[in-house]
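Spelled out from the first residue to the last, the chains are:
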Amino acid sequence: MCGIAGIFSSSSDRNIESQLLVNMAAIQHHRGPDNYGYANPDGLGVGMSHSRLSIIDLNEERGRQPFSFENKVIFSHNGEFYDFQRIRADLSAQGVTFFSKSDSEIVPWLFKKEGMEKAITYLRGEFAFSLYDKEEDTLYLVRDRFGVKPLYWANTGNEVVFGSEIKAILTHPEISAEMDTKGLFHQLIQVMVPGTTAFKGINQVEPGHFLKITRKNKELKVQTTKYWDMNFPRASMREHHSDEFYISGVRKHLLEAVQLRLNADVPVGCYLSGGIDSCCILGLASAVSQKPIKTFTIAFDNKDYDETAIATEMANSVGTEQHILELDAELLYDNFERTIWHTERTIYNTLAVAKLMMSQQVRSVNYKVVLTGEGSDELFAGYPAFRKDMFLHGMSGLSTEQTHHWHTALEENNKLFQGAMLPKDEYTSGAIDEKVGFTPSCLQPWLGCTDIAKQLIYPSKRVEVEHYEPGQAIAENLDDAYLSERHPLDKAQYVWIKTMLEGQILTWGGDRVDMANSMEARPAFLDHKLAEFATLVPPEMRIKGSREKYVLREAVKGVIPDVLYNREKFAFMAPPAHTDEKKWQKLKSLLNQYASPLKLEKAKLIDPSFLEVLIQRQESAEISDADKVQNDALLNHVLGIMIIYEHFIVQDMSEKASAKAKQLGWHA
């Protein structure tokens, strides 16, 4: 995994400044500390830079990017392509000569041979890349199918500027950092509109999409193409097979995904929580590997949220060397600011901080690649919100009594997560109802914060979103072609994948906090071949009765402990601040530091008076636990917004990037 950045000018006569490209790489040094490179040939008006984390082909010079092929094709890549050896061998047999052993080098050759749309179909893995083709005078920006790797871009009118992180784009002297009011609103309610950011004029390439930016007559034309989406079969067209067909199919595809992701020129470890997802990844990886696999576990200081005991049982069962990181209020809140610098968006819970501290632990023992369990809940309906929707909308012929029994049990067993993973009150968005058929439970806790979030916005900005309905903005972005005539569970999973997976799980819960410490995480469940098979699994085999992830449990039961096979899904979340006086005081201290009345008045983003009301509510004994979970999220978002303001808006990113390059000794 690496960091990429670049500039494409509307004029081929404009030479892109070399040191600016180096500075854009330097501000992302954490993504690729092993070396850096840049390419900006004269007379092309294009420049790219790259900060490299060496995992495949450790030869520094041979693997250095951007790759330039006679200045006709320039290419820069962040991520991993799996099965690349087979593709490279096939191309070699056709007469292609490779100059490196890097997985990245297959892309320019595939592009030259097949064109971009066909070339992408060969690619398997997590990736974001830029490719300039002189013959077409076109720049391509491509992002992987689920959005595991980030890719941001902005159009100044004269140039398209892009990077793996927003801070690289803000390094450009002509791009100013300004909080977008709708973006601010969505930061407060956690769920983002796909493709947007908190910053005005800065966008994301959406998962499964690529941009084709063509230069003609000194103008840049930006065209967006979707090349992949999570395509569940229409309900009337579902094929029906035996249970064993689906169970063995999941096992086969998951094992293949794990095997491919164990390939690296450095050691590969595993993240290990007490959930079935990371445990089955470890179980399969241990069965494949000839050597014990090192594991890394987060331990919270609150037994209600801690899963260390089950994780340790799993580690012992396969003979791994387990590293346990114990986290308390000091570690979590002392690293909150650093986490926001890397996530570039707000976080609702200190789980993001915990993940950042864990990636630091991985690097401290000289590992820089781990397999993770992200994506399992998305494919096999693991979250409690999916069961709620299945009970309410997806089970025909179920008696009222049975529905009530299962629903009551679900709410009781997930009390800790009401206000976050489950809604505390029903919330309906008319626009989402019209598009989906119902408002998925996964969105309700966050959309349910709409009224409070509006009151938190500074009055002069609040008027800009007075009549704005976030649910409508999200609904407009959902593709009806992948929702129409689908089963309700398929719809609920699709909505989560398009919103919360990319915007939350893979951002502040994944790439950004992993790469903060130059560590690559490989989510095997998000292999697109496995995902395409998972869409074929009938809803009643994903949730069988009241049991979630039934098909996965059956597929991997031989490599996980019985306690996990029989256990209900337990959401992985850090203890909210209100559950511990030390945490609450640490959170208040950070709010006093970054969100004091004086700073709030200067920033004019958050309403000081209503923030004080929210803090007082949080300290009231009359407020329910579910309300406090929701308020805790809102307070974390407020803190995140003010840290973003301090680091990205008040401070000059161009100056910070230049200083970083000088500190590193990176120069043109």
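Relevant structure appears above.
Keep in mind that this is a model prediction, so the values were computed, not measured. (Residues numbered from 1 in each chain as written. Predicted model: local features only at pLDDT ≥ 70, side-chain atom pairs only at ≥ 80, totals over all residues. Heavy atoms only, no water.)

Quick notes on the overall build of the protein chain
Move 1: Assigned secondary structure in the protein chain consists of 31 helices and 19 strands.
Move 2: For a compact globule of 668 residues, the expected C-alpha radius of gyration is about 26 Å, and the protein chain comes in at 24 Å, within 12% of that figure.
Move 3: Over its C-alpha atoms, taken along the principal directions, the protein chain stretches across nearly 70 × 60 × 50 Å.
Move 4: Per-residue burial over the protein chain gives 64% buried out of 668 residues.
Move 5: Pairs at least 24 residues apart make up 74% of the contacts formed inside the protein chain by residues separated by at least 6 positions.
Move 6: Entry remark: accessible area of the protein chain is about 24000 Å², with carbon and sulfur atoms responsible for 47%.
Move 7: Averaging the positions of the 73 positive and the 91 negative side-chain charges in the protein chain gives two centres separated by 3 Å. (Helix = DSSP H or I, 4+ residues; strand = E, 2+ residues; numbered from the N terminus. Rg over C-alpha atoms; globule rule 2.2 N^0.38 Å. Buried < 20%, exposed > 50% of the residue type's maximum accessible area, 1.4 Å probe, protein only. Contact = heavy atoms within 4.5 Å. Areas by Shrake-Rupley, 256 points an atom, 1.4 Å probe, with all protein chains shown as cover. Lys, Arg positive; Asp, Glu negative; His and termini not counted. Charge placed at Lys NZ, Arg CZ, Asp CG, Glu CD.)

Focus on the sheet that holds strand β12 (residues 219-226)
Move 1: Taken in spatial order, the six strands of this open sheet run β4-β5-β6-β7-β11-β12, and their pairing is antiparallel. Here the strands that pair on one side only, and so sit at the sheet edges, are β4 (67-69) and β12. For this sheet the average axis-to-axis angle between neighbouring strands, irrespective of direction, equals 15°.
Move 2: Sheet topology places strand β7 (residues 138-143) next to strand β11 (residues 209-216); five bridges connect them, and they run antiparallel. Directly across from Leu139, in β11, lies its bridge partner Ile213. (Pairing = 2+ DSSP bridges. Axes fitted to C-alpha atoms, helices over the stretch in contact; angles between N-to-C directions.)

Let's talk about the side chain of Gln28
Move 1: Within the fold, Gln28 resides in the loop between α1 (18-26) and β2 (35-39).
Move 2: Not counting the four nearest positions on each side in its chain, Gln28 is found in contact with Gly3, Ile4, Ala5, Ser51, Gly163, Ser164, Glu165 and Ala168.

Details of the pattern of salt bridges
Two side chains with opposite charge may pair up if their charged atoms get near one another.
Move 1: Enumeration over the complete set of coordinates arrives at 45 salt bridges.
Move 2: Measuring nitrogen to oxygen at the nearest pair gives 3.6 Å for the salt bridge that ties Asp243 to Lys544. Here Asp243 is found in helix α7 (residues 243-261), whereas its partner Lys544 is found in strand β18 (residues 543-544), with 301 residues between them in sequence.
Move 3: Overall, the relative accessible area of 34% leaves Asp243 in the partly exposed class.
Move 4: As a salt-bridge pair, Asp490 and Arg542 come within 2.7 Å of each other at their nearest N and O atoms. Taken as a pair, Asp490 in helix α21 (residues 488-505) and Arg542 in helix α24 (residues 539-542) lie far apart in primary sequence, 52 residues in all.
Move 5: Taking the relative accessible area as the measure of exposure, Arg542 reaches 0% and is therefore buried.
Move 6: One network of salt bridges, in which partners are shared, links Arg31, Lys149, Glu165, Lys167, Glu344, Asp511 and Arg512. (Salt bridge = Lys/Arg side-chain N within 4 Å of Asp/Glu carboxyl O.)

Describing unusual backbone geometry
Move 1: One non-glycine residue, Glu485, adopts positive backbone phi at about 65°.
Move 2: As for its placement among the helices and strands, Glu485 is situated in the loop between α20 (470-477) and α21.
Move 3: A positive phi angle, near 55°, is found at Lys549, a position not held by glycine.
Move 4: Given the relative accessible area of 1%, Lys549 is considered buried.

Regarding the nonpolar core
Move 1: Core analysis: the biggest nonpolar cluster contains 177 residues, and Phe146, Leu254 and Ile606 have the highest contact counts within it.
Move 2: If you tally residues by element for this core, the top one is helix α30 (residues 625-650), at eleven residues.
Move 3: Setting aside its immediate chain neighbours within four residues, Ile606 contacts Leu184, Leu188, Leu456, Tyr458, Leu600, Leu611, Val638, Ile641 and Met642.
Move 4: Ile106, Trp109, Leu110 and Met116 belong to the second largest nonpolar core, which has 25 residues in total. (Core = buried A, V, L, I, M, F, W, Y, C linked by side-chain atoms within 4.5 Å.)

A few points about the sheet that holds β2
Hydrogen bonding along the main chain pairs the strands of a sheet, whether they run parallel or antiparallel.
Move 1: Here we have six strands laid out as an open sheet, ordered β2-β3-β1-β9-β8-β10, and antiparallel in their pairing. For this open sheet the edge positions go to β2 and β10 (202-204), each flanked by a neighbour on one side alone. Across this sheet, the average inter-strand angle for adjacent strands is 15°, counted without regard to direction.
Move 2: Packed on one face of the sheet, α1 meets β1 (3-9), β2, β3 (46-52) and β9 (159-163) and runs near 35° to β3.

A few points about helix α3 (residues 106-114)
Move 1: Residues Ile106, Val107, Pro108, Trp109, Leu110 and Phe111 constitute the buried set of α3.
Move 2: Downstream of α3 by one or two residues, Gly115 has phi in the positive range, about 85°.

A look at the side chain of Asp632
Move 1: Take Asp632: it is sitting in helix α30.
Move 2: Buried charge without a salt bridge: Asp632, with Lys583 as the nearest opposite-charge side chain at an N-O distance of 10 Å.

Brief notes about the packing of helix α14 (residues 384-394) against α21
Move 1: Between α14 and α21, whose axes approach to 9 Å, the crossing angle comes to 145°. In terms of crossing hand, the pair formed by α14 and α21 is right-handed. Facing α14, whose interface residues are Phe386, Asp389, Met390, His393 and Gly394, α21 presents Pro488, Leu489, Ala492, Gln493 and Trp496.
Move 2: Looking at the contact of α14 with α21 residue by residue, the classes come out as six nonpolar, three polar and one charged. (Left-handed = near helix turned anticlockwise from the far one by under 90°. Nonpolar A, V, L, I, M, F, W, Y, C, P; charged D, E, K, R; others polar.)

Things to note about the packing of helix α11 (residues 336-343) against α30
Move 1: Close contact between α11 and α30 brings their axes to 9 Å; oriented N to C, the two are set at 70°. What the angle tells us is that α11 and α30 run roughly perpendicular. Between α11 and α30 lies a crossing whose hand is right-handed. Residues Phe336, Glu337, Ile340 and Trp341 of α11 touch α30, and the partners they reach there are Asn636, Leu639, Gly640, Ile643, Ile644, His647 and Phe648.
Move 2: Taken together, the residues of the contact of α11 with α30 break down into seven nonpolar, three polar and one charged. (Parallel < 35°, antiparallel > 145°, perpendicular 65-115°, else oblique.)

Concerning the environment of Glu321
Move 1: Residue placement: Glu321 occurs in the loop between α9 (308-318) and β15 (322-327).
Move 2: Given the relative accessible area of 45%, Glu321 is considered partly exposed.
Move 3: Along the sequence, Glu321 and Ala235 sit 86 residues apart, while their C-alpha atoms lie 46 Å from each other.
Move 4: Polar contacts involving the side chain of Glu321 include one to the side chain of His323, which spans 3.0 Å. (Polar contact = N/O pair within 3.5 Å; in protein donor to acceptor, adjacent residues only side chain to side chain.)

Topic: the packing of aromatic side chains
Move 1: Tallied over the entire structure, the rule returns 27 aromatic pairs.
Move 2: Considering the side-chain rings of Phe67 and Phe99, the 5.3 Å spacing of their centres and the 90° angle between planes classify their relative orientation as edge-to-face. Here Phe99 lies in the loop between α2 (84-93) and α3 and Phe67 lies in strand β4, a separation of 32 residues in the sequence.
Move 3: Phe99 sits in the partly exposed class, given a relative accessible area of 43%.
Move 4: Relative to Trp496, the ring of Phe386 lies with its centre 6.3 Å away and its plane at 80°, an arrangement referred to as edge-to-face. (Phe/Tyr/Trp six-rings, centres within 6.5 Å; stacked < 30°, edge-to-face > 60°.)

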